[in-house]
Amino acid sequence: MIKKPYILDIFYDLYINIKLFYILKKAIELKIFDILSEPKTFDEILIKINLDKNILEYILKILLELKLIEKIRGKYKNTLVSDLYLRENSEFSIIPYLEDEYFNDIENWKDFKEKRLNFTKVIHKMANECKVWELPRIMEYIRLRFKNEIKNAKKLLDLAGGHGLYAIYFSKLNKNLKCYVFDLPEVIEETRKYIEKYKAKNIELIKGNFWKDSIGENYDIIFSSYHPGGKNPEIIRKVYDALNIGGLFINKQFFWDGEEDLEFYVNNIDWLMRKSDILRKSPIRFTFEGDLSFNDYLDYLENLGFEILDIVDLKEFLELKCYRGSKMIISKKVE
Ligand SMILES: C[S@@+](CC[C@H](N)C(=O)[O-])C[C@H]1O[C@@H](n2cnc3c(N)ncnc32)[C@H](O)[C@@H]1O
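Residues numbered from 1 in each chain as written. Predicted model: local features only at pLDDT ≥ 70, side-chain atom pairs only at ≥ 80, totals over all residues.

The protein is annotated in an unreviewed UniProt entry as Methyltransferase type 12 of Methanocaldococcus infernus.

Quick look at the structure:
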């Protein structure tokens, strides 16, 4: 018997989404969001954009439906969100991040081309991503929750800090706090550029490999975010040893929530396509051989002598599903 070919709908739905992706990419390339920083009529937009009139009209309808623009009294204009994030010259533009993470990357996906994971590049992408939302929200949380600890701290480490933006933020919260960014030698050269750009004082850079080298000692706060040692018992032990009693360990990491679905499989393929000679990757995104599961991580902290103060689910806290699985665990060395 002939069955309904539901495969046609699978492809149809997927292809619509792929086309929507390219329509948004095109809208950014056409600088529609720069043009619509001020209200414009359709004809005023058409003069600036060399595109078929009917196609432009549909693109504007799509942008309206996605709430990236609005139409008031016959004129189109950016919504607040696109005005902040999708204008090229906005201080908060996420275009460099989108170009890196999506627009360039999609080319590799066309033929499943493997990519080389290169930390000196990754950290710029991460800086562009975190600075608009994750970093200010996280730092505001930490600032309010640990006011006294930050005020009294003398020495802080941003372990595998990459761009160093978190250390830079901490350094501005307490001028007497000496902040250190530890990272691989080639990455530290890039960190330096951010220190200069944001005119950060009281920051020192430490070149090293946390698997082999000392990460320093007598820290009052160790901050650590999305690095390959963040769930590894050996590195957590190093963190414990390097902290003073009463010191805080703030660790932001991805822990798989155990749910297997299409998003999970696709992200894991993406992860495996990004090859690295130095990382011992596991088949699950952002995880490595020897990593602890979430519950084992918490037990390990407590057995070492940490008290767990906060567990923040970053998907909930940042209200964005792309942070699914990310958690910030804040613990205090008590013994
Ligand atoms: C994904 S990035 C995270 C950067 C930054 N902490 C953030 O959250 O945006 C991972 C960082 O870990 C650093 N890293 C990886 N392996 C390392 C190692 N063995 N020793 C020191 N740093 C390392 C990388 O150079 C990179 O800066």
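Don't stop here, the text continues.
Let's shift gears to the overall build of the protein. Along its length, the protein carries 16 helices and 11 strands. Its C-alpha atoms give the protein principal-axis dimensions of roughly 70 × 60 × 35 Å. Across the 335 residues in the protein, those meeting the buried criterion constitute 29%. Contacts in the protein between residues at least 24 apart in sequence constitute 65% of all its contacts with a sequence separation of at least 6. (Helix = DSSP H or I, 4+ residues; strand = E, 2+ residues; numbered from the N terminus. Buried ≥ 20, exposed ≤ 12 C-beta atoms within 10 Å, placed from the backbone. Contact = placed C-beta atoms within 7 Å.)

A few words on helix 11 (residues 165-173). For helix 11, a buried count of seven out of nine residues is recorded, marking the element as mostly surrounded by other parts of the structure. Every buried residue of helix 11 is listed here: Leu 165, Tyr 166, Ala 167, Ile 168, Tyr 169, Phe 170 and Ser 171.

Glancing now at the domain arrangement of the protein. In terms of domain boundaries, the protein breaks down into domain 1 (7-87) and domain 2 (119-333). For domain 1 versus domain 2, the separation of C-alpha centres amounts to 37 Å. (Domains from an automatic or database assignment.)

Every one of the 18 residues lining the ligand counts as a neighbour, but Phe 119, Ala 160, Gly 162, Ser 225 and His 227 are closest to it. Among the elements that take part in the shell around the ligand, helix 8 (residues 119-130) stands out by supplying five residues, more than any other. Broken down by class, the residue content of the shell around the ligand amounts to 12 nonpolar, five polar and one charged. (Near = placed C-beta within 6 Å. Nonpolar A, V, L, I, M, F, W, Y, C, P; charged D, E, K, R; others polar.)

We now examine the pairing of strand 1 (residues 69-72). Examined bridge by bridge, strand 1 and strand 2 (residues 75-78) share four bridges and lie antiparallel to one another. Bridge pairing in strand 2 links Glu 70 to Lys 77. The turn linking strand 1 back onto strand 2 is made up of two residues, and Arg 73 within it adopts a positive phi angle of 45°. (Pairing = 2+ DSSP bridges.)

Attention now goes to the UniProt feature "domain: O-methyltransferase dimerisation" (unreviewed entry) in the protein. The feature "domain: O-methyltransferase dimerisation" (unreviewed entry), as annotated in UniProt, sits at residues 22-87 in this numbering. For the annotated span residues 22-87, helix accounts for 58% and strand for 12% of the residues, and the straight-line distance between the end C-alpha atoms is 17 Å. (UniProt positions renumbered as here; feature names shortened; annotations may be inferred.)

In terms of nonpolar packing, the biggest core is built from 48 residues, with Leu 156, Leu 157 and Ile 222 touching the most fellow members. Once residues within four sequence positions are removed from consideration, Leu 157 is found in contact with Tyr 180, Phe 182, Ile 215, Gly 216, Tyr 219, Ile 222, Phe 223 and Ala 242. Of all hydrophobic cores here, the second largest spans 13 residues; its members include Leu 24, Ile 32, Phe 33 and Leu 36. (Core = buried A, V, L, I, M, F, W, Y, C linked by C-beta atoms within 7 Å.)

Positive phi, normally seen in glycine, also occurs at Phe 112, with a value near 55°. Relative to the elements of secondary structure, Phe 112 occurs in the loop between helix 7 (105-110) and strand 3 (115-116). For Phe 112, a count of 8 C-beta atoms within 10 Å translates into the label exposed. Of note in this structure, Asn 202 is not a glycine but carries a positive phi near 40°. Following the sequence through the fold, Asn 202 ends up in the loop between helix 12 (185-197) and strand 6 (203-207). C-beta crowding within 10 Å serves as the criterion here: with 16 such atoms nearby, Asn 202 is assigned to the partly exposed category.

Okay, the sheet that holds strand 5 (residues 178-183) next. Reading across the sheet, the seven strands line up as 6-5-4-7-8-11-10 and stay open at both edges, with mixed pairing between neighbours. Each having just a single partner strand, strand 6 and strand 10 (306-313) make up the two edges of the open sheet. In this sheet, neighbouring strand axes are inclined to one another by 15° on average, regardless of whether the strands run parallel or antiparallel. Both strand 7 (residues 219-225) and strand 8 (residues 243-254) contribute to a ladder of six bridges, which runs parallel. Along strand 8, the bridge assignment pairs Tyr 219 with Leu 243. (Axes fitted to C-alpha atoms, helices over the stretch in contact; angles between N-to-C directions.)

In this section: the packing of helix 8 against helix 12. Geometry of a packed helix pair, given as the angle between the helix axes and the separation of the axes. The interhelical angle for the contact between helix 8 and helix 12, taken along N-to-C directions, is 30°, at an axis separation of 9 Å. By the criterion of interaxial angle, the relationship of helix 8 to helix 12 is roughly parallel. Crossing of helix 8 against helix 12: the hand is right-handed. Residues Phe 119, Thr 120, Ile 123 and Ala 127 of helix 8 pack against Glu 186, Val 187, Glu 190 and Tyr 194 of helix 12. (Parallel < 35°, antiparallel > 145°, perpendicular 65-115°, else oblique. Left-handed = near helix turned anticlockwise from the far one by under 90°.)

Right, let's talk about the UniProt feature "domain: O-methyltransferase C-terminal" (unreviewed entry) in the protein for a bit. Feature annotation in UniProt assigns "domain: O-methyltransferase C-terminal" (unreviewed entry) to the following positions: residues 150-248. Helix makes up 35% of residues 150-248 and strand 29%, whereas the separation of the span's terminal C-alpha atoms amounts to 10 Å.

Glancing now at the environment of Arg 116. Mapped onto the elements of the fold, Arg 116 is located in strand 3. Taking the C-beta count within 10 Å as the criterion, Arg 116 has 9 such neighbours and is therefore assigned exposed. Arg 116 sits 161 residues away from Asp 277 along the chain, and the two C-alpha atoms are 8.8 Å apart.

Another aspect to go through is the pairing of strand 4 (residues 155-159). Across the five residues of strand 4, four count as buried, placing the element largely inside the fold. Two elements, strand 4 and strand 5, share five bridges in a ladder whose sense is parallel. Considered in strand 5, the bridge of Asp 158 is made with Val 181. On the question of chirality, the crossover connecting strand 4 to the parallel strand 5 by way of helix 11 is right-handed. (Right-handed = clockwise from strand over helix to strand, strands pointing away.)

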